[in-house]
Amino acid sequence: MKVAIVGASGAVGQEFLRVLADRNFPLDELVLFGSERSAGRRYMFRGMEHEVKLLCHNDDFKDVDIAFTSAGAGISKEFADDITRHGAVMIDNSSAFRMDEDVPLVVPECNAADALNRPRGIIANPNCTTIMMVVALQPLENLSHIRRIHIASYQSASGAGAAAMAELQQQYKEINDGKPVTVSKFPHQLAYNVIPQIDVFQPNGYTKEEMKMFNETRKIMHSDVKCSAMCVRVSSLRAHSESVWIETERPISVEEAQKALAVAPGVTLQDDPDNLVYPMPLETAGTDDIYVGRVRKDLADDCGLTFWLSGDQIRKGAALNAVQIAEYLIKVGNVK
Ligand SMILES: NC(=O)c1ccc[n+]([C@@H]2O[C@H](COP(=O)([O-])OP(=O)(O)OC[C@H]3O[C@@H](n4cnc5c(N)ncnc54)[C@H](OP(=O)(O)O)[C@@H]3O)[C@@H](O)[C@H]2O)c1
């Protein structure tokens, strides 16, 4: 099994190295790719140094079985043919192909088998905020069809990449040192602030990130559900959180929902408000599951339920989800 990581130096790329090692992924050979910025850099994996190669239009992917790509949508589009033409499965973290009809969009807890039908050899990893939400929604959908979702996200700096994470830390330092604040990765200063904008605005007033949640949720869950999102950048460093309201076809009780969430794959129920126990990004950072708490009836809707979730979007929202897709393909014997 030969595995490639494209974008190895990035926030997601670095997490791939950790996730593959943590899960003892069955690979024999690992190759890393990047731009001229990181080409030549060396990263440790299983006690051995691996040098980043420059990503080029050539036959470097000839013997690759699985390629995890996380170098942005433009690079994924530009290199998809080079990566897949010899038979490698490309599991792509960018938004490049997510809504293409001939590319499955997969969260293993919801629709693992969709990964088997990939005419172009590409499987898309959904948007991180959407992955985290659907992992928690699937067990509730299994109880009663979800008709509507309202969601407000609280997304950490790292969602915008490694340099954005560094910029937030730099901003706090600059403020402490009484220096002008550097703003380049976010539309405004993020330190001591919240920004109600993630990605660019669309003609309907929603951002691209918010429309991803609408469209991708339907594709993953094979559902006609309508999802109205407000995505907000907050100054946590790592792990996203979400406040979610759902309306189901029949009313679901809090106890019923908690019971389903407690046994759902990929979910940890952390719901004990009397003891101040609920999920928080400081604690969910670096972990695998989506943590769910504050499960309540919606006071404004008899068929409504509301809850809070938090999870590491670089892990389950990106690298871990992609590796779980690969593990599923290996388990069912569906790689090259
Ligand atoms: N961060 C998250 O929470 C998250 C979650 C889900 C999905 N994603 C998606 O994953 C992708 C990567 O995000 P990230 O947060 O890891 O970004 P990042 O930290 O900015 O890393 C970007 C990576 O892309 C590589 N790259 C850029 N231009 C390249 C080129 N011409 N050829 C080869 N490699 C190139 C960079 O390599 P160099 O250092 O060599 O330039 C770097 O390794 C994006 O599509 C993003 O939307 C991110």
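Just above, that's the structure.
Residues numbered from 1 in each chain as written. Predicted model: local features only at pLDDT ≥ 70, side-chain atom pairs only at ≥ 80, totals over all residues. Heavy atoms only, no water.

What follows covers the overall build of the protein chain. Secondary structure summary: the protein chain contains 9 helices and 13 strands in total. In terms of overall dimensions, the protein chain is globule-like: its C-alpha atoms have a radius of gyration of 20 Å, near the 20 Å expected for 336 residues. When its C-alpha atoms are laid out on the principal axes, the protein chain stretches across 60 × 55 × 40 Å. Looking at the protein chain residue by residue over its 336 residues, the buried ones come to 53%. A separation of at least 24 residues holds for 66% of the contacts in the protein chain among residues at least 6 apart in sequence. Counting only carbon and sulfur atoms, one obtains 51% of the accessible surface of the protein chain, whose full area is about 14600 Å². Of the charged side chains in the protein chain, 35 are positive and 45 negative, and the gap between their average positions amounts to 2 Å. (Helix = DSSP H or I, 4+ residues; strand = E, 2+ residues; numbered from the N terminus. Rg over C-alpha atoms; globule rule 2.2 N^0.38 Å. Buried < 20%, exposed > 50% of the residue type's maximum accessible area, 1.4 Å probe, protein only. Contact = heavy atoms within 4.5 Å. Areas by Shrake-Rupley, 256 points an atom, 1.4 Å probe, with all protein chains shown as cover. Lys, Arg positive; Asp, Glu negative; His and termini not counted. Charge placed at Lys NZ, Arg CZ, Asp CG, Glu CD.)

Another aspect to go through is the environment of Asp-60. Position of Asp-60 relative to the elements: it lies in the loop between strand 4 (48-54) and strand 5 (66-69). Accessibility expressed as a relative area gives 21% for Asp-60, which makes it partly exposed. Taking C-alpha positions, Asp-60 is 9.8 Å from His-86, a pair spaced 26 residues apart along the chain. The contact partners of Asp-60, leaving out residues within four places of it in the chain, are Phe-33, Lys-53 and Leu-54.

Spatial ordering of the open sheet is given by 3-4-2-1-5-6-7, a layout of 7 strands whose pairing is mixed. Two strands bound the open sheet, and with one partner strand each, they are strand 3 (42-45) and strand 7 (122-124). With direction set aside, neighbouring strand axes in the sheet form an average angle of 25 degrees. Running over the sheet, helix 2 (residues 73-84) touches strand 1 (2-6), strand 5, strand 6 (89-92) and strand 7 and is turned about 155 degrees from strand 6. Along the sheet, helix 9 (residues 315-331) contacts strand 5, strand 6 and strand 7; its crossing angle with strand 5, the most-contacted strand, is approximately 165 degrees. (Pairing = 2+ DSSP bridges. Axes fitted to C-alpha atoms, helices over the stretch in contact; angles between N-to-C directions.)

Moving on: the side chain of Lys-212. By the element assignment, Lys-212 lies in helix 6 (residues 208-221). For Lys-212, a relative accessible area of 17% puts it in the buried group. Non-local contacts of Lys-212, meaning those with residues more than four positions away in its chain, are made with Ser-95, Arg-98, Asn-127, Thr-130, Asp-199 and Thr-217.

Here the focus is the site of the ligand. Among the 26 residues in the neighbourhood of the ligand, the closest are listed as Ser-9, Val-12, Ser-35, Arg-37 and Ser-38. A distance of 3.0 Å is found between an oxygen atom of the ligand and a backbone nitrogen or oxygen belonging to Gly-10. For the shell around the ligand, the secondary structure elements donating two or more residues are helix 1 (11-22) and helix 9. (Near = heavy atom within 4 Å. Polar contact = N/O pair within 3.5 Å; in protein donor to acceptor, adjacent residues only side chain to side chain.)

Here we take up the pattern of salt bridges. For the structure on display, the rule yields 25 salt bridges. Measuring nitrogen to oxygen at the nearest pair gives 2.6 Å for the salt bridge that ties Glu-15 to Arg-315. Of this pair, Glu-15 sits in helix 1 while Arg-315 is found in helix 9, placing the two residues 300 residues apart along the sequence. Under the relative-accessibility criterion, Glu-15 is labelled buried at 2%. For Arg-315, a relative accessible area of 6% corresponds to the buried category. The partner of Arg-120 in a salt bridge is Asp-102, with the nearest N and O atoms 2.8 Å apart. Taken together, the residues span a long stretch of sequence, with Arg-120 in the loop between helix 3 (108-111) and strand 7 and Asp-102 in the loop between strand 6 and helix 3 at a distance of 18 residues. (Salt bridge = Lys/Arg side-chain N within 4 Å of Asp/Glu carboxyl O.)

Turning next to the nonpolar core. Ranked by size, the top nonpolar core spans 54 residues in total, and within it Phe-61, Leu-137, Ile-149, Val-292 and Phe-307 carry the most contacts. The biggest single contributor to this core is helix 4 (residues 128-141), with 8 residues. For Ile-149, the contacting residues outside a window of four places in its chain are Met-133, Leu-137, Thr-217, Val-225, Lys-226, Cys-227, Ser-228, Val-244, Trp-245 and Ile-246. (Core = buried A, V, L, I, M, F, W, Y, C linked by side-chain atoms within 4.5 Å.)

All right, on to the sheet that holds strand 10 (residues 240-248) then. Here 6 strands make up an open sheet; going across it, the order is 9-8-10-13-12-11 and the pairing mixed. Pairing within the sheet leaves two strands with one partner each, and these edge strands are strand 9 (226-233) and strand 11 (267-269). For this sheet, the mean angle separating the axes of adjacent strands, direction not counted, is 25 degrees. Relative to strand 13 (residues 304-311), strand 10 is paired through 8 bridges, and the arrangement is antiparallel. Each bridged residue has a counterpart across the sheet, and for Glu-242 the counterpart in strand 13 is Leu-309. Where helix 6 meets the sheet, it contacts strand 8 (146-155), strand 9 and strand 10, and its direction lies at approximately 145 degrees from that of strand 9.

Right, let's get into the pairing of strand 12 (residues 290-297). As paired strands, strand 11 and strand 12 are joined by 3 bridges and run parallel to one another. Across the sheet, Val-267 pairs through a bridge with Ile-290, a residue of strand 12. Sheet analysis places strand 12 next to strand 13, joined by 5 bridges and oriented antiparallel. By the bridge assignment for strand 13, Tyr-291 is matched with Ser-310. Here strand 12 folds back onto strand 13, and the loop between the two strands holds 6 residues.

Keep in mind these numbers describe shape, not what the thing actually does.
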